[in-house]
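Structural features, examined
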Amino acid sequence: MHQQPVRAALGQTHTKRMNCTSRTCIGRFAPSPTGALHFGSLVAAVGSMLDARARGGRWLLRIEDVDTPRAVPGAADRIITTLARFGFEWDGDIVWQSRRGEAYRHAFDTLVAAGMAYPCACTRRELANAPLARDGSRRYPGTCRDGLGAGRSARAWRVRAEGVIRFNDLVQGPQSLELASDAGDYVVLRADGLFAYQLAVVVDDIAAGVTHVVRGADLLDSTARQIHLQGLLGAPPPTYAHLPLATNAAGEKLSKQTLARAIDDAPPAAALLAALRFLGQAPPPTLASAPLAQIWAWALAHWSIDAVPRCRQAVATAFF
């Protein structure tokens, strides 16, 4: 159905050299259908697929539309079409979070039964002056941790955030986060009845057997919560690599809000080369006029996670 330059470029020698030794490597790309793909999205997709393929593994595609009110009609199909036009090839069926409510409910019930999730009656207004967590969100002060106040009813459900989470990010290096002080008790079931991103992404990664998560550094501060949830649900955490976030000249993350240009109609070869350069892969000038399949073949043969710049963000100086 879509182009297959990457699979064709993966030779047996390269597979054996990079293959994981303990379990099959599984990576994934998980865009939210809130708009079109932009250059930052392309960087994350390129990095995640090349890393999985270079390790001799599988690469999955998941549409993270659990937050249904924010999903833009037609955006998911547009994303899938754009990925196919750029030569991405994913394994298996596409997973849609909006169709996985039963799995999230089961995980949620498990947390409640274990006493790790509790009801919260607090409103946004009541939390407006709460201290900031490390990721800039409001850190929950624990108001409902020991039970709801008289006359109050549950609006959301939170997980008790306890302990220190440490992990080594393949790009950003050693990380440490004290859950209570740096993050606070986090929501797993929202006031509108939807399951929260943190729960959905963990349940999906566990179900798919994801071993390597390669994504943008804007999600680095969410990782400790996800590792915490994985532990509560009895699963080992994946290996993480957080790529530099692509920004505009003002240092703003490329997004629909910052008017980032969609890549739908961009020349795939030129855009792919720009993404590789952003990721520190240094493709030779001779590839500028090469067909897309040849660029993918070079990228796979020369992929190095160690070459990715060790920074949280970088300006996308290309034509995006």
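Predicted model only: the values in this text are computed from it and were never measured.

Side note on the overall build of the protein chain
Helix and strand counts for the protein chain come out as 10 helices and 12 strands. For the protein chain, the residues scored as buried account for 51% of the 320 residues in total. Nonlocal contacts in the protein chain, meaning residues at least 24 apart in sequence, comprise 79% of its contacts between residues at least 6 apart. On the protein chain, roughly 14,400 Å² of surface is accessible, and the fraction owed to carbon and sulfur atoms is 52%.

Observations regarding helix α7 (residues 197-208)
A rise of 1.5 Å per residue sets the reference length of α7, with its 12 residues, at 16 Å; its end C-alpha atoms lie 16 Å apart and thus fit the reference within 8%. Burial in α7 covers these residues: Q198, L199, A200, V201, V202, V203, D204 and D205. The inward-facing, buried residues of α7 contact β1 (26-29), β2 (58-63), α5 (101-113), β8 (186-189), β9 (212-216) and α8 (223-232). In the segment just after α7, G209 is the residue with positive phi, at about 70°.

Things to note about the pattern of salt bridges
Pairing between side chains becomes possible if they bear opposite charge and their charged atoms approach one another. Counted under the stated rule, the structure contains 16 salt bridges. For R55, the salt bridge identified is with D51, shortest N-O distance 2.9 Å. The class for D51 is buried, based on a relative accessible area of 3%. The partner of D67 in a salt bridge is R190, and the shortest N-O contact between them spans 3.2 Å. Remark: R190 occurs in the loop between β8 and α7 and D67 occurs in the loop between β2 and α4 (75-85); sequence separation between them is 123 residues. Through salt bridges with shared partners, one network takes in R28, R62, E64, R100, D204 and D205.

What counts and how
- Residues numbered from 1 in each chain as written.
- Predicted model: local features only at pLDDT ≥ 70, side-chain atom pairs only at ≥ 80, totals over all residues.
- Heavy atoms only, no water.
- Helix = DSSP H or I, 4+ residues; strand = E, 2+ residues; numbered from the N terminus.
- Buried < 20%, exposed > 50% of the residue type's maximum accessible area, 1.4 Å probe, protein only.
- Contact = heavy atoms within 4.5 Å.
- Areas by Shrake-Rupley, 256 points an atom, 1.4 Å probe, with all protein chains shown as cover.
- Expected span 1.5 Å × (residues − 1).
- Salt bridge = Lys/Arg side-chain N within 4 Å of Asp/Glu carboxyl O.

Purely spatial values, then, with no claim about function.
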